[in-house]
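Read off the chains here:
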Amino acid sequence: MPDIALDHPRLEAELVRIARLAGTAILDIYAGADFGVEAKGDGSPLTLADLAANRVILAELAACFPWPMISEETPVDYAVRRDWQTFWLVDPLDGTRDFLDRNDEFTVNIGLIHDGVAIAGVVYAPALDELYYGALGQGAWMARGGVRAGLPGRWAPERALACSRHHDVPQTAAFARLNGVARSVPIGSALKFGRLAAGEVDLYPRFNGSSEWDVAAGDAVLRAAGCLLRALPGLTPMRYNTPGQRNPHFIAAAPHVPLDQLSYPT
């Protein structure tokens, strides 16, 4: 655990509260007919719900904690943030395409970073009332429909992997073939990290691009639950606050999966 003094009960309570507030802001727009969709510079969609959740999270984190925030919707130049030791890394609406598809598998992601490591995080799927929380050294838990359970879950004997509904690539199927994984489960957004910690899948390989805010909160939940998330090809821990804030390809896995014995497509 990195050297930072935290009031963990307060941290947990506030992060869960803020994630739920952001989820309420998202659902208010989800219930309507006009999502106010625009295209960002990279072609990805931006909705009124992304902006509403971002405003809630930014205001609430600033009121409760002393650390600055980087969000997908509120980027910070590297020259400003390069020496930040502790900060928030946020995706206010992860899985905007899932939101637009109305498949309910979109999340609010709030991660706390210290010395480049994700040390606490919450992943909340408001349309499903499904929440995952974890902090290093403190454990992890999930709540579905108000029923709370500790993490990690219990995995089925048959190995299964999570794949993206909107960003899957041929290397995922190649990875499954190389490692004899017969079952792939499409899951939207950062919900894949939570479902892995819950024992519904064993593996989540990512062989295409992602940003730090997509992953940080889920990384914290996984590590707090005893699961793994490693950068490829070297199986090194993920690091945050890089200049471009783009992640390497990575593999997330249950603790019983021997990552160094798997085969990876080139």
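Data block above holds the structure.
Read on for an overview of the structure. (Residues numbered from 1 in each chain as written. Predicted model: local features only at pLDDT ≥ 70, side-chain atom pairs only at ≥ 80, totals over all residues. Heavy atoms only, no water.)

### Focus: helix 5 (residues 170-178)
Right, on to step 1. For helix 5, the full list of buried residues reads Thr-172, Ala-174, Phe-175 and Ala-176.
Right, on to step 2. As for helix 5, its buried residues are in contact with strand 10 (160-164), strand 12 (203-206) and strand 15 (250-253).
Right, on to step 3. Just past helix 5, the residue Gly-180 takes up positive phi, approximately 65 degrees. (Buried < 20%, exposed > 50% of the residue type's maximum accessible area, 1.4 Å probe, protein only. Helix = DSSP H or I, 4+ residues; strand = E, 2+ residues; numbered from the N terminus. Contact = heavy atoms within 4.5 Å.)

### With respect to the pairing of strand 4 (residues 86-94)
On a regular strand, each side chain points to the face opposite its neighbour's, so the side chains alternate between the two faces of the sheet.
Right, on to step 1. Burial analysis of strand 4 places 9 of its 9 residues in the buried class, the great majority of the element.
Right, on to step 2. Where strand 3 (residues 69-71) lies against strand 4, 3 bridges are found, and the strand directions are parallel. Across the sheet, residue Ser-71 finds its bridge partner in strand 4, namely Val-90.
Right, on to step 3. Taken together, the 7 bridges between strand 4 and strand 5 (residues 107-114) define a ladder with antiparallel strand orientation. Paired with Leu-89 across the bridge in strand 5 is Gly-111. (Pairing = 2+ DSSP bridges.)

### Considerations on the layout of surface pockets
Rolled over the atoms, a probe as big as a water molecule pinpoints where empty space is left.
Right, on to step 1. In this structure, the largest pocket occupies an estimated 640 Å³ of space.
Right, on to step 2. Glu-72, Asp-94, Arg-97, His-167 and Asp-214 are the residues nearest the centre of the largest pocket, which is lined by 35 residues in total.
Right, on to step 3. Elements represented by at least two residues in the lining of the largest pocket include exactly strand 4, helix 4 (96-101), helix 6 (191-197), strand 12 and helix 7 (212-224).
Right, on to step 4. When grouped by side-chain class, the residues that make up the lining of the largest pocket number 9 nonpolar, 12 polar and 14 charged. (1 Å grid on protein atoms, 1.4 Å probe; cavity = no way out; pocket = protein on both sides within 12 Å on 5 of 7 lines; lining within 4 Å. Points joined across faces, edges and corners; volume = space filled by probe spheres on them. Nonpolar A, V, L, I, M, F, W, Y, C, P; charged D, E, K, R; others polar.)

### Observations regarding unusual backbone geometry
Excluding glycine, residues mostly carry a negative phi; peptide bonds, for their part, are mostly trans.
Right, on to step 1. Residue Leu-151 is joined to Pro-152 through a cis peptide bond whose omega torsion reads 10 degrees.
Right, on to step 2. Along the chain, Pro-152 turns up in the loop between strand 9 (147-151) and strand 10.
Right, on to step 3. In this chain, Leu-232 is followed by Pro-233 through a cis amide linkage whose omega measures 10 degrees.
Right, on to step 4. In this model, Asp-115 sits at a positive phi of 50 degrees, which is unusual for a non-glycine residue.
Right, on to step 5. A relative accessible area of 38% means that Asp-115 is categorised as partly exposed.
Right, on to step 6. Positioned with a positive phi, Gln-245 is a non-glycine residue whose angle comes to about 55 degrees.
Right, on to step 7. The class of Gln-245 is buried, set by a relative accessible area of 4%.

### So, the sheet that holds strand 4
Right, on to step 1. Taken in spatial order, the 7 strands line up as 3-4-5-6-7-8-9 in an open sheet, and their pairing is mixed. Either end of the sheet is taken by a strand with one partner, and the two such strands are strand 3 and strand 9. Each adjacent strand pair in this sheet contributes to an overall mean axis angle of 15 degrees, direction not counted.
Right, on to step 2. With 6 bridges joining them, strand 6 (residues 117-125) and strand 7 (residues 130-135) adopt antiparallel strand pairing. (Axes fitted to C-alpha atoms, helices over the stretch in contact; angles between N-to-C directions.)

### Here we look at the environment of Leu-58
Right, on to step 1. Take Leu-58: it is sitting in helix 2 (residues 48-64).
Right, on to step 2. Classification of Leu-58 by relative accessible area gives partly exposed; the value is 38%.
Right, on to step 3. With 39 residues separating them in the primary sequence, Leu-58 and Ala-19 have C-alpha atoms 11 Å apart.

### Let's talk about empty space enclosed by the protein
Right, on to step 1. Within the structure shown, the criterion is met by 1 cavity of 30 Å³ or more.
Right, on to step 2. For the largest cavity, the calculated volume is near 60 Å³.
Right, on to step 3. As for the largest cavity, its lining consists of Ala-162, Cys-163, Ser-164, His-167, Asp-168, Val-169, Thr-172, Tyr-204, Pro-205, Arg-206, Phe-207 and Asn-208.
Right, on to step 4. Of all the elements in the fold, those that place two or more residues in the lining of the largest cavity are strand 10 and strand 12.

Any functional reading would require information that these geometric values do not contain.
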